[in-house]
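This is what each chain is made of:
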Amino acid sequence: MSSDEDFSLVLADPQPLENTLEGIKALITNYKKKHEQLIQEQQELAASRDDRRDMTEKCKQRSIKLAQDLKEDQRSYKEQIENEKAKLNSMKQEESELMKEIQKVEEALKEEEAKKDHLKQQSEVFTAVPEKEVVFTGSTESEADAQTFEMKPRVVYPMEGGTALVTFEEEVVARKILDMKKHQVDLGGGCSITVEARPVHLMLPRLVEIDSEVSPQHILISNLPKMDTETLLNKLEIHFSKSKHGGGEVENCEMLPDSGTVVLTFVDKHIARGLTDTEYHDVKLQQKTHRVRVTPFLNGKITNLKTKMSACPRTVLLTGIPNVMEHETLQDLLEIHFQKSSNGGGEIEAFLYNLLGQHTSALFEGISSDKKEE
């Protein structure tokens, strides 16, 4: 760039300005400005040159990286193809073995059918004998008739601030930590804290008795496809509200998220029985007919509940933990301390730390006779 045309001198006096002091000063000022402009242009050109060099280097590095990524993708794709081929061969072999198993099952079914026909013939012979009056002398009540089931409760344990729950893989480690009670944890830099180990007691149900009865207004619908919940409920409500399908006016339609089934409530009490007797119903869902299962809905009422206090054999509560550093850092140091066998610890299955001034809860579940806690 040039600025020669940006400046012009008008001579009012026929005497040249260069020969006067003012003229010389004006020329000096003019040349200074030109010099400054040239320096600025030089700096801009240098900056532009550096930017272009940086851009060129970045483009070069990016090209190298893209080439490497392309080679890696090609290698990965080739390995994936080989793995898929191996899976396909394995599936073909499994299919062949399954076909053999199906043939064996079909042969076994034929044998069972033959035995069934034979037993049917025998039963027809036995039922043809003359009737004979008999007297039942057994007991009509038995504790064996009571239905029992294993219950795995989910216990919410509120934690105070400045505490931590440690679940060890072995019970003997937890007992050792509780026996030591006081533990000095080194935090580094000559700093340490003292925490106290306490047992964790949970209130668990020991006995639960429930009386149940079949609801005359409810049905339980299962064997449902995966689709939008609101759409599914609307289609089920419309279908079972029509009398031609054996239904009636629907009062409520609700999805049970834990089981993926739907509970339908009718206004009248004589609708549910007829639908459950049919059991399987064809309902139009997802632009096609889907066969759903309709079974009775049981209303349950807890009539007897007994609880007990149980100590967690593998979980220990640590108390008296001050806020002396970041949450994650302190938790890591505590976990490392109680993992070391030299400190009486062992392998840790779970660790939960709650800061002072905060409120949180721990969830204990899967408590059974085989596995005491999770």
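Quick note: structure is the one above.
Residues numbered from 1 in each chain as written. Predicted model: local features only at pLDDT ≥ 70, side-chain atom pairs only at ≥ 80, totals over all residues. Heavy atoms only, no water.

## Looking at a nonpolar patch on the surface
Together, I210, I302 and L305 line one region of the surface with nonpolar side chains, adding up to about 290 Å² of accessible area. Turning to its location among the elements, L305 is positioned in strand β8 (residues 288–319). (Patch = residues over 30% accessible without salt bridge, like charges linked within 9 Å, V, L, I, M, F, W, Y side chains within 5 Å. Areas by Shrake-Rupley, 256 points an atom, 1.4 Å probe, with all protein chains shown as cover. Salt bridge = Lys/Arg side-chain N within 4 Å of Asp/Glu carboxyl O. Helix = DSSP H or I, 4+ residues; strand = E, 2+ residues; numbered from the N terminus.)

## Some details on unusual backbone geometry
For K181, which is not a glycine, the phi torsion comes out positive at approximately 65 degrees. Here K181 lies in the loop between α2 (171–180) and β3 (182–188). For N223, which is not glycine, the phi dihedral falls at a positive 60 degrees. Within the element layout of this structure, N223 appears in the loop between β4 (191–222) and α3 (229–240). Residue N223 is classed as partly exposed on the basis of its relative accessible area, which comes to 46%. (Buried < 20%, exposed > 50% of the residue type's maximum accessible area, 1.4 Å probe, protein only.)

## Here's the deal with α3
In an α-helix, one full turn covers 3.6 residues, which means residues spaced three or four apart are oriented alike. The end-to-end C-alpha separation of α3 is 17 Å, in line with the 16 Å expected for 12 residues at 1.5 Å each. Within the span of α3, buried status applies to L232, L233, L236, H239 and F240. Considered in projection along α3, the buried side chains sweep an arc of 135 degrees and stay on one side of the axis. Contacts from the buried residues of α3 go to β4, β5 (250–256), β6 (261–266), α4 (271–278), β7 (280–285) and β8. At the N-terminal boundary of α3, the capping side chain belongs to D228, with an oxygen 3.4 Å from the backbone nitrogen of E230. (Expected span 1.5 Å × (residues − 1). Arc of directions from axis to C-beta. Contact = heavy atoms within 4.5 Å. Polar contact = N/O pair within 3.5 Å; in protein donor to acceptor, adjacent residues only side chain to side chain.)

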